[in-house]
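Listed here are the chains, written in short residue letters.
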Amino acid sequence: MPTTAADVVEVLHLLNAVGASPRLSGGWGVDALHGQQTREHRDVDLAVDAGRLDACVETLQRNGFVVTTDWLPVRVELSDPGGGRHVDLHPLHSAADGSAWQAGLDGSRFDYPADAWCAGSVGGMEVRCLSARMQRAFHAGYELRDVDRHDLRLLEDASAPGGQAP
C-alpha cells in the first residue's frame, strides 16, 4: 500500500511534536519541491535531529509502527503492519553553522551544507525538504530505478532559486 500525502502530513506532525525538525528527502522530497504528488511512494524518507531519534521512534511506536529495519547509526525504518505505511528515519547531526552530517555505511558519512534544505509543500502543509541540487547529488553512484529516473526528470525542471521547482 503506498504512502499518501495525508500519511506524510500525519508523520510530520508527530515528529514535529517531539522536536525532531523532520526534513523530507527521497521521492516525497522531490514531490514537495513541486508542491504535488507525482507518483506513488512506498515510504517517506525523513532526516531528523539525531538527538531526538529515540523520541521519534517512541512516538511512531505509540502510533502503531514497529521497527522493521535497524541499520543505525545510518537509518531505521518503521512500518505500520495494519496500514502498510513505512517511515525511513535518517539521523542528522547538526552544526552551529547550519550544516549537518549523517552516518553512512562502512564508516562513511554524508555531509549537508547549510543550504541543503529549502521549503516545499505536501498536502497543503509547508515542509522543509532537501533541495533539488542535493537530491540530484544523492541520485549518483548507483543503478537507477524507474522511480529514480522519474524523480531526476522532475529535478531537471527545478530551476527556481534554492533549487525549488516553480
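Cut-offs applied
- Residues numbered from 1 in each chain as written.
- Predicted model: local features only at pLDDT ≥ 70, side-chain atom pairs only at ≥ 80, totals over all residues.
- Heavy atoms only, no water.
- Helix = DSSP H or I, 4+ residues; strand = E, 2+ residues; numbered from the N terminus.
- Contact = heavy atoms within 4.5 Å.
- Phe/Tyr/Trp six-rings, centres within 6.5 Å; stacked < 30°, edge-to-face > 60°.
- Buried < 20%, exposed > 50% of the residue type's maximum accessible area, 1.4 Å probe, protein only.
- Lys NZ or Arg CZ within 6 Å of the ring centre and 35° of its normal.

Caption draft 1: Quick look at the environment of L14. Its place among the elements puts L14 in helix α1 (residues 5-17). Separated by 50 residues in the primary sequence, L14 and G64 have C-alpha atoms spaced 12 Å apart. Not counting residues up to four positions away in its chain, the partners in contact with L14 are T59, L60 and N63.

Caption draft 2: Summary view of the packing of aromatic side chains. Following the criterion strictly, the structure yields three aromatic pairs and no others. Ring plane angle 20 degrees and centroid distance 5.4 Å describe the contact between Y112 and W117, whose orientation is recorded as stacked. Among the residues examined, Y112 registers a relative accessible area of 7% and is labelled buried. Plain terms: the ring middles of Y112 and F138 are 5.5 Å apart, the flat faces sit at 40 degrees to each other, and that makes the pair tilted. Placement of Y112 in strand β7 (residues 109-112) and of F138 in helix α4 (residues 132-138) is noted, with a sequence separation of 26 residues between them. Relative accessible area serves as the criterion here: at 28%, F138 is assigned to the partly exposed category. Through a chain of ring-to-ring contacts, the aromatic side chains of F110, Y112, W117 and F138 assemble into a single cluster. Its guanidinium or amino end placed over the ring of W117, R23 lies 5.3 Å from that ring's centre, counting from NZ or CZ.

Caption draft 3: Up close: the side chain of T59. Structurally, T59 can be placed in helix α3 (residues 53-62). Those residues in contact with T59 that sit more than four places away from it in its chain are L14, L15 and V18.

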